[in-house]
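In case you want the letters, here they are:
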Amino acid sequence: MTNEKHRPLTLRDVSEATGVSEMTVSRVLRNRGDVSEKTRQKVLDAAKELGYVPNKIAGALASKRVNLVAVIIPSLSNMVFPEVLTGINRVLEHTELQPVVGVTDYQPEKEEKVLYEMLSWRPSGVIIAGLEHTDAARAMLQAAGIPVVEIMDTDGKCVDAMVGISHRRAGREMARAILKAGYSRIGFMGTKMPLDHRARKRFEGFTECLAKEGIEIEDREFYSGGSALAKGREMTQAMLERSPDLDFLYYSNDMIGAGGLLYLMEQGIDIPGQIGLAGFNGVELLAGLPRQLATMDACRQEIGRAAAEIISAQLESPDADVEKVISLTPTIAYGDTLRRR
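Here the structure is a predicted model, which means the values were calculated and not measured. (Residues numbered from 1 in each chain as written. Predicted model: local features only at pLDDT ≥ 70, side-chain atom pairs only at ≥ 80, totals over all residues. Heavy atoms only, no water.)

What to know about the confidence of the model for the protein chain
Residues shown with low pLDDT carry predicted positions that ought not to be read at fine detail. Taken as a whole, the protein chain shows an average pLDDT of 90; of its residues, 94% reach a score of 70 or greater. In the model of the protein chain, helix H1 (residues 2–6) stands out as the element of lowest mean pLDDT, 52, in contrast to strand E8 (residues 248–251), which has the highest, 98. (pLDDT = per-residue confidence, 0-100. Helix = DSSP H or I, 4+ residues; strand = E, 2+ residues; numbered from the N terminus.)

Listed below in structure tokens is the structure:
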């Protein structure tokens with residue numbers, strides 16, 4: 001009795017509940033064939049009442065694909081990626097495609113494993129964060145035979161298509177704004193670069209721009225793990241104790257920047273007169289802070305939408321001329337922590 005109770009429902013169960021043949025039930029559930037509206041509704045109502053879910057694996061064996069889009073991202077705790085997923089979902093919800101998410105924790109070996117498992121289910125497409133992958137992961141993406149969109153970054157060569165921003169350009173533009181505002185003694189705080197390639201590229205663009213003006217970063221500190229707000233406070237305090245003459249702090253993301261802002265406000269330091277601050281990402285959650293942190297919007301939802309549109313368009317019309325490289329342009333929001341001149 002236990003096995004009977006827990007066995008998966010089949011077309012026969014719906015057929016017996018409605019008095020309609022299994023073939024007709026199959027046509028209704030696949031939205032195929034000529035079936036009267038009365039019979040169609042009868043089958044749909046019975047399937048819903050029974051809790052019947054079609055076995056897509058059987059269909060996939062014939063088509064060699066399932067209506068899933070593999071979305072591989074480095075983190076769910078980082079606020080950037082839920083917004084990217086929102087953009088993806090807003091496009092795919094109007095199609096038969098469903099996103100399924102894998103998380104890599106910024107670890108190349110884990111990304112390789114997640115990609116292997118997802119591709120083994122034969123998804124209809126892949127959306128994957130970043131352009132840097134292991135040789136094995138890149139080989140799998142190239143051999144997959146499906147649309148592949150690498151997102152968040154356009155500083156490099158893609159396997160098939162890419163949507164994102166130039167992080168090196170973003171770093172250069174922030175450096176120009178800081179120099180134009182008259183700051184020159186700059187400290188940097190960020191994530192550990194070997195794993196966060198996009199933060200590394202922003203840092204490279206930032207330091208290259210400073211170097212052209214004969215300025216070097218005077219202090220720097222990196223972190224991994226833990227609460228970003230708390231880390232931002234801790235690192236800011238430690239850096240200013242080491243280097244009290246700094247007049248600007250550049251953070252690799254808004255969350256540690258917000259921690260630094262709260263610390264400086266508690267200390268009664270004049271912002272942006274005595275010291276200026278800037279982060280990156282344009283996190284909406286921080287709109288409730290007493291002062292608005294200078295930042296750059298990373299175009300997160302736009303990236304998600306554009307990536308999903310590429311996948312959808314390629315699947316709908318494989319021979320269509322689809323734009324494969326989309327580079328979006330983030331803009332600086334000066335907020336209350338970066339002077340304008």
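Some points on the nonpolar core
If you look at the biggest cluster of nonpolar residues, it comprises 53 residues, and the most contacted ones within it are Ile151, Phe206 and Leu338. The element that contributes the greatest number of residues to this core is helix H6 (residues 80–92), accounting for seven residues. In this view, Phe206 contacts Gly171, Arg172, Met174, Ala175, Ile178, Ile186, Ile217 and Tyr250; residues no more than four positions away in its chain are not counted. (Core = buried A, V, L, I, M, F, W, Y, C linked by side-chain atoms within 4.5 Å. Buried < 20%, exposed > 50% of the residue type's maximum accessible area, 1.4 Å probe, protein only. Contact = heavy atoms within 4.5 Å.)

Describing the sheet that holds strand E11 (residues 325–328)
As summarised here, the arrangement of the six strands in space is E2-E1-E3-E4-E5-E11, forming an open sheet in which the pairing is parallel. The open sheet has two free edges, formed respectively by strand E2 (98–103) and E11, since each of these has just one partner strand. For this sheet, the mean angle separating the axes of adjacent strands, direction not counted, is 15 degrees. Where strand E3 (residues 125–129) meets strand E4 (residues 148–153), four bridges bridge the pair, whose relative direction is parallel. Counted as the bridge partner of Ile128 is Glu150 from E4. Along the sheet, helix H13 (residues 300–316) makes contact with strand E1 (68–73), E3, E4, strand E5 (161–165) and E11, crossing E4 at roughly 165 degrees. (Pairing = 2+ DSSP bridges. Axes fitted to C-alpha atoms, helices over the stretch in contact; angles between N-to-C directions.)

Description of the pairing of E4
Burial analysis of E4 places six of its six residues in the buried class, which makes it a mostly covered element. One ladder, built from five bridges, connects E4 with E5; its direction is parallel. Following the sheet pairing, Asp153 is matched in E5 by Ile165.

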